[in-house]
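Listed below, chain by chain, are the residues.
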Amino acid sequence: MKILALLPLLLIMAACSSTPRLPPPDTDEQQFIYRMQNWSMDGRISITQTDRTDTARVSWDQQQADYRIDLTAGPFNQTVAIMTGRPGRVEIQVAGEDDRYVARSPEALMQALLGWNLPVSHAVWWIRGIPDPTRPHQVVTNEASFRFQQQGWDVDILRYQEVTPGNRLPSRLRMVHNGLTVNLVIGRWDLNL
């Protein structure tokens, strides 16, 4: 059951810091973020619900629309779960289980396994520090962070790191919705895939 408690960590989803502001619209820097198709990141994730917090390491590898997210935890960074997906199909293999869980979307899989869901499909945008361009959002002005609201979630980009000269991606962000808080600290971005 501990593995299922860590499953939301896998499903949300993974240097120099700079002032956390969204790059100005229609600039090369912001266009760079929207054009990213092949990338990977490694980081630490925590999810807090009421009186419980679970933490893990996350590695996310994105190749066009296909992705693989590995979740590890414990003192020896043991694999907890691996999620692979592409449009119309997502699969999770949980450590220690022979069964693979399959659904048409990450949200449907979470609903089937846990009875509730998170907007996982938007996380591919959010972890890059930008709202999902296919859904409405509202930017909230804040001196300490770049913050936007989308799909009922508050997403705060707390710190950026320069990944290539003149291009920044988040190194720390927080997502909050109805008593659920997800913190992500990204230690490494790799764009040379």
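Residues numbered from 1 in each chain as written. Predicted model: local features only at pLDDT ≥ 70, side-chain atom pairs only at ≥ 80, totals over all residues. Heavy atoms only, no water.

## Quick look at the nonpolar core
The biggest cluster of nonpolar side chains holds 42 residues, and the ones touching the most others in it are W39, M41, W60, L184 and W189. Here this core gets five residues from one element, more than from any other, and that element is strand 12 (residues 180-190). (Core = buried A, V, L, I, M, F, W, Y, C linked by side-chain atoms within 4.5 Å. Buried < 20%, exposed > 50% of the residue type's maximum accessible area, 1.4 Å probe, protein only. Helix = DSSP H or I, 4+ residues; strand = E, 2+ residues; numbered from the N terminus.)

## As for the layout of surface pockets
A volume near 430 Å³ is recorded for the largest pocket. As for the largest pocket, its lining consists of 22 residues, of which A65, Y67, P106, S121 and V124 are closest to the centre. Where the lining of the largest pocket is concerned, the elements lending two or more residues are strand 3 (52-63), strand 4 (66-73), strand 5 (78-86), strand 6 (89-94) and helix 4 (120-126). The element contributing the most residues to the lining of the largest pocket is helix 4, with five residues. Its residues placed into classes, the lining of the largest pocket shows 11 nonpolar, six polar and five charged. (1 Å grid on protein atoms, 1.4 Å probe; cavity = no way out; pocket = protein on both sides within 12 Å on 5 of 7 lines; lining within 4 Å. Points joined across faces, edges and corners; volume = space filled by probe spheres on them. Nonpolar A, V, L, I, M, F, W, Y, C, P; charged D, E, K, R; others polar.)

## Brief notes about the side chain of D156
Tracing the chain through its elements places D156 in strand 10 (residues 153-164). The class for D156 is buried, based on a relative accessible area of 12%.

## Topic: the packing of aromatic side chains
Under the counting rule described, the total for this entry stands at seven aromatic pairs. On the numbers, 6.0 Å between centres and 40 degrees between planes, the contact of Y34 with W125 is tilted. Of this pair, Y34 sits in helix 2 (residues 28-35) while W125 sits in helix 4, placing them 91 residues apart in sequence. The partly exposed category is assigned to Y34, whose relative accessible area is 26%. With relative accessibility at 18%, the residue W125 sits in the buried group. Measuring from centroid to centroid gives 6.4 Å for W126 and F148, while their planes differ by 65 degrees, and the two rings are edge-to-face. Here W126, found in helix 4, pairs with F148, found in strand 9 (residues 146-150); they are 22 residues apart in sequence, far enough to count as distant. Pair check on accessibility: W126 and F148 agree, each one buried. (Phe/Tyr/Trp six-rings, centres within 6.5 Å; stacked < 30°, edge-to-face > 60°.)

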